[in-house]
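Letter by letter, the chains look like this.
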Amino acid sequence: MNKYKNKKVEFDGIIFDSLKELARYKELLLLKKQGLITDLKLQHPFVLVPTVRIKGKKKPDVKYIADFVYVEDGQLVVEDVKSVITRKLPTYRLKMHLLKYNLDIEVVEI
């Protein structure tokens, strides 16, 4: 258990952060099998702010890691499985803002 009370689960050799995330993955696998979506990726990173030097020290990229990314009807879809609590976290909200501003991507929250 982690601080949000979700339990990590394994399926097909993949570790998911919650049962809800696993359930969504299974739904997406069905859509892929039916040919309704393509290019399904898990834990796909997006660079929001590139590496910088602050006071001579190298600071790594600031990234947002999407739970799922796929193509549907020719459009890129970025999904994140979030609870009501985690949707309100300042870091998550900031990353959503930067993703929209920098890459013009809006996340579908599941």
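Because the structure is predicted, anything quoted here is derived from the model rather than measured.

Q: In this structure, what is going on with the overall build of the protein? I would like to understand it.
A: From N to C terminus, the protein includes three helices and eight strands. In the protein, the order of α-helices and β-strands from amino to carboxyl end is β-β-α-β-β-β-β-β-α-α-β. The principal-axis extent of the C-alpha atoms belonging to the protein is close to 50 × 35 × 25 Å. The long-range share in the protein, meaning contacts at least 24 apart out of those at least 6 apart in sequence, stands at 46%.

Q: How do you make sense of the nonpolar core when you look at a structure like this?
A: What tends to happen in soluble globular proteins is that the nonpolar side chains get buried as a cluster. Counting residues in hydrophobic clusters, the biggest one holds 12 residues: F46, L48, Y64, A66, V69, V78, Y92, M96, L98, L99, I105 and V107. Elements with a minimum of two residues in this core: β3 (38–49), β6 (62–72) and α3 (90–103). The greatest single-element share of this core, amounting to four residues, is contributed by α3. When residues no more than four places from it in sequence are discounted, the contact partners of A66 are L42, Q43, H44, F46, V78 and E79. Formed by 11 residues, the second largest nonpolar core is a distinct cluster that contains F16, Y25, I37 and L40.

Q: Looking at this structure, I do not really get the pattern of salt bridges. What am I missing?
A: When the charged atoms of two side chains with opposite charge come close together, those side chains can pair. Using the criterion set out here, one finds seven salt bridges in the structure. Put simply, K8 and D17 hold a salt bridge, and the shortest N to O gap is 2.7 Å. When salt bridges that share partners are traced, they join R24, E27 and E79 into one network.

Q: Where do I start with the packing of aromatic side chains in this structure?
A: The geometry of an aromatic ring pair comes down to the distance between the two centres and the angle between the two planes. Going through the model one piece at a time under the given rule, you end up with four aromatic pairs. Here F16 and Y25 contribute two aromatic rings whose centre-to-centre distance is 5.0 Å and whose plane-to-plane angle is 40°, an arrangement assigned as tilted. Its relative accessible area of 0% is what places F16 among the buried residues. Take Y25: its relative accessible area is 7%, and that puts it in the buried class. A centroid spacing of 6.3 Å and a plane angle of 15° characterise the contact between Y25 and F68, whose relative ring orientation is stacked.

Thresholds, definitions, all that
Residues numbered from 1 in each chain as written. Predicted model: local features only at pLDDT ≥ 70, side-chain atom pairs only at ≥ 80, totals over all residues. Heavy atoms only, no water. Helix = DSSP H or I, 4+ residues; strand = E, 2+ residues; numbered from the N terminus. Contact = heavy atoms within 4.5 Å. Core = buried A, V, L, I, M, F, W, Y, C linked by side-chain atoms within 4.5 Å. Buried < 20%, exposed > 50% of the residue type's maximum accessible area, 1.4 Å probe, protein only. Salt bridge = Lys/Arg side-chain N within 4 Å of Asp/Glu carboxyl O. Phe/Tyr/Trp six-rings, centres within 6.5 Å; stacked < 30°, edge-to-face > 60°.

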